[in-house]
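Structure assessment
One-letter residues, chain by chain:
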Amino acid sequence: MLVSATEMLKKAKAGHYAVGQFNINNLEWTKSILLTAEELKSPVILGVSEGAGKYMTGFKTVAAMVKAMHEELGITVPVALHLDHGTYEGCYKCIKAGFTSIMFDGSHYPFEENLAKSTELVNVAHQLGLSIECEVGSIGGEEDGVVGMGECADPNECKTIADLGVDMLAAGIGNIHGKYPANWKGLSFETLDAIQQKTGTMPLVLHGGTGIPADMIKKAISLGVSKINVNTECQLSFADATRKYIEAGKDLEGKGFDPRKLLAPGAEAIKATVKEKMELFGSVGKA
Ligand code: G3H
Ligand code: ZN
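Nothing here was measured: the structure is a model prediction, and the numbers come from that model.

**Brief notes about the overall build of the protein**
- Summing up its helical and strand segments, the protein has twelve helices and ten strands in all.
- Taking 19 Å as the expected radius of gyration for a compact globule of 287 residues, we find that the protein reaches 18 Å, a close match to that expectation.
- The dimensions of the protein, computed from C-alpha atoms along their principal axes, are 60 × 40 × 35 Å.
- The buried share among the 287 residues of the protein stands at 48%.
- Sequence-distant contacts, at least 24 apart, represent 70% of the contacts inside the protein between residues at least 6 apart.

**Observations regarding the UniProt feature "binding site: Zn(2+) 1" (unreviewed entry) in the protein**
- Here, the residues flagged by UniProt with the feature "binding site: Zn(2+) 1" (unreviewed entry) are H85, H177 and H207. A stretch of 123 residues holds the annotated residues, and the largest C-alpha distance among them is 11.7 Å, short enough that they meet in one place.
- A residue is classified by how many C-beta atoms lie within 10 Å of it, and H85, with 27 of them, is buried.
- In this structure H85 touches S49, M103, D105, E143 and V146, once residues within four positions along its chain are discounted.
- With near-sequence residues (within four places) excluded, H177 lies in contact with I139, G140, G141, E142, E143, H207 and G208.

**Brief notes about the site of ligand 1**
- Inspection of the region around ligand 1 gives 16 residues, with H207, T210, N229, N231 and T232 positioned closest.
- Elements represented by at least two residues in the shell around ligand 1 include exactly β10 (225-230) and α10 (232-247).
- Across the shell around ligand 1, the residue classes break down as one nonpolar, twelve polar and three charged.

**A look at unusual backbone geometry**
- Even without being glycine, H16 reaches a positive phi, approximately 60°.
- Relative to the elements of secondary structure, H16 occurs in the loop between α1 (6-15) and β1 (19-23).
- Judged by C-beta crowding, with 13 C-beta atoms within 10 Å, H16 ranks as partly exposed.
- Even without being a glycine, H85 presents a positive backbone phi close to 50°.

**Details of the pairing of β10**
- Taking burial as the measure, the six residues of β10 include six buried ones, the bulk of the element.
- Inspection of the sheet shows β1 paired to β10 by four bridges, in the parallel sense. Counted as the bridge partner of V19 is K227 from β10.
- When strand β9 (residues 204-206) meets β10, the two strands line up parallel, connected through three bridges. Looking across to β10, one finds that L204 is bridged to V225.
- Between β9 and its parallel partner β10, the chain crosses via helix α9 (residues 214-222), and the hand of that crossover is right-handed.

**Concerning the nonpolar core**
- I33, L46, F99, I102, I132, L169 and A171 are the most contacted members of the largest nonpolar core, which has 74 residues in total.
- With five residues, helix α12 (residues 264-281) is the single largest residue contributor to this core.
- Setting aside chain neighbours within four positions, we find F99 in contact with F59, A63, L81, H82, L83, C94 and L130.

**Here's the deal with the packing of helix α7 (residues 155-162) against helix α8 (residues 189-199)**
- Between α7 and α8, whose axes approach to 9 Å, the crossing angle comes to 35°. Classified by chirality, the crossing of α8 by α7 is right-handed. Residues P155, N156, C158, K159 and A162 of α7 form the contact with α8, whose own contacting residues are A194, I195, K198 and T199.
- Of the residues contributing to the contact of α7 with α8, the split by class is five nonpolar, two polar and two charged.

**Observations concerning the pairing of strand β5 (residues 131-136)**
- Taken across its six residues, β5 has six buried, putting it largely inside the fold.
- Where burial is concerned, the two faces of β5 agree: the one with S131, E133 and E135 and the one with I132, C134 and V136 are both buried.
- Here strand β4 (residues 101-104) runs beside β5; their pairing, made up of four bridges, is parallel. Opposite M103, over in β5, you have E133 as the bridge partner.
- Following the chain from β4 across helix α6 (residues 111-127) to the adjacent parallel β5, one finds a crossover that is right-handed.

**Quick word on the UniProt feature "binding site: dihydroxyacetone phosphate" (unreviewed entry) in the protein**
- Mapped onto the present numbering, the UniProt feature "binding site: dihydroxyacetone phosphate" (unreviewed entry) falls on G178, G208, G209, T210, N229, V230, N231 and T232. A compact arrangement is adopted by the annotated residues: their sequence extent is 55 residues, whereas the largest C-alpha distance between any two is 11.1 Å.
- Summarising the element assignment, G209 is placed in the loop between β9 and α9.
- Judged by C-beta crowding, with 26 C-beta atoms within 10 Å, G209 ranks as buried.
- Beyond its immediate chain neighbours, meaning those up to four positions away, G209 contacts I228, N229 and V230.

Criteria and cut-off values
Residues numbered from 1 in each chain as written. Chains lettered and ligands numbered in written order. Predicted model: local features only at pLDDT ≥ 70, side-chain atom pairs only at ≥ 80, totals over all residues. Helix = DSSP H or I, 4+ residues; strand = E, 2+ residues; numbered from the N terminus. Rg over C-alpha atoms; globule rule 2.2 N^0.38 Å. Buried ≥ 20, exposed ≤ 12 C-beta atoms within 10 Å, placed from the backbone. Contact = placed C-beta atoms within 7 Å. UniProt positions renumbered as here; feature names shortened; annotations may be inferred. Near = placed C-beta within 6 Å. Nonpolar A, V, L, I, M, F, W, Y, C, P; charged D, E, K, R; others polar. Pairing = 2+ DSSP bridges. Right-handed = clockwise from strand over helix to strand, strands pointing away. Core = buried A, V, L, I, M, F, W, Y, C linked by C-beta atoms within 7 Å. Axes fitted to C-alpha atoms, helices over the stretch in contact; angles between N-to-C directions. Left-handed = near helix turned anticlockwise from the far one by under 90°.

As structure tokens, this is what we get:
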């Protein structure tokens, strides 16, 4: 059975490690992530952006596929199915579709509106047993049409949102979606520290996990980050392995064009990336 992210993140915060959220795009992504989590005995969060949900036909299709695959693979580690950067409407759609966790990204609204919408959604999610993530400040760059200016979060606003009883809080601390530019200034640990002081035991979320150096990841975890989102890095690994397969002409040998063969190197590459991240985040053996 899929679970909410509440317990796994409380344990992560108390145990000073982070649970990875890996975004899914299709069957191969989902299977690779689930199998790796099971192999490493790690809890995991499957993230679904609104764009990826639409690509996979809709949130109901996603929930049905994930639930069935989770059962048929015999997965025993805790797995949450989480809406990533959800709109107000998207949150309700995912609740109805059977997701076990949602993110309401109200960071582009004036703070009072973000607060009002977050308040409502926290109450609805909790009544139904789902966990909920809200966002303050914004993540720079673009992910599936969600564009952020990258301003650092105000620690007092973080406390106001945390006090609603959210299960995890995403705060902008200089992190960026996608590849980091060469002139990136790094994470603002000063901001993260101030947020952690104000929000205490609240599990904090680091978005834009692709390409952040290992020492910064470790420092972020030591300052209260308990969930780290990774999307682009799995896409890059998948694309690279698939390109190599095609450039080597493997798709032209025998039945190499069969999608079950064509997509296999990419699926293996996703497993390797997820494994590397789980080891770095410290979630291996924590299921
Ligand atoms: O919400 C998802 C992420 O924050 C992933 O960011 O694509 O930079 O790894 P990324
Ligand atoms: Zn994100």
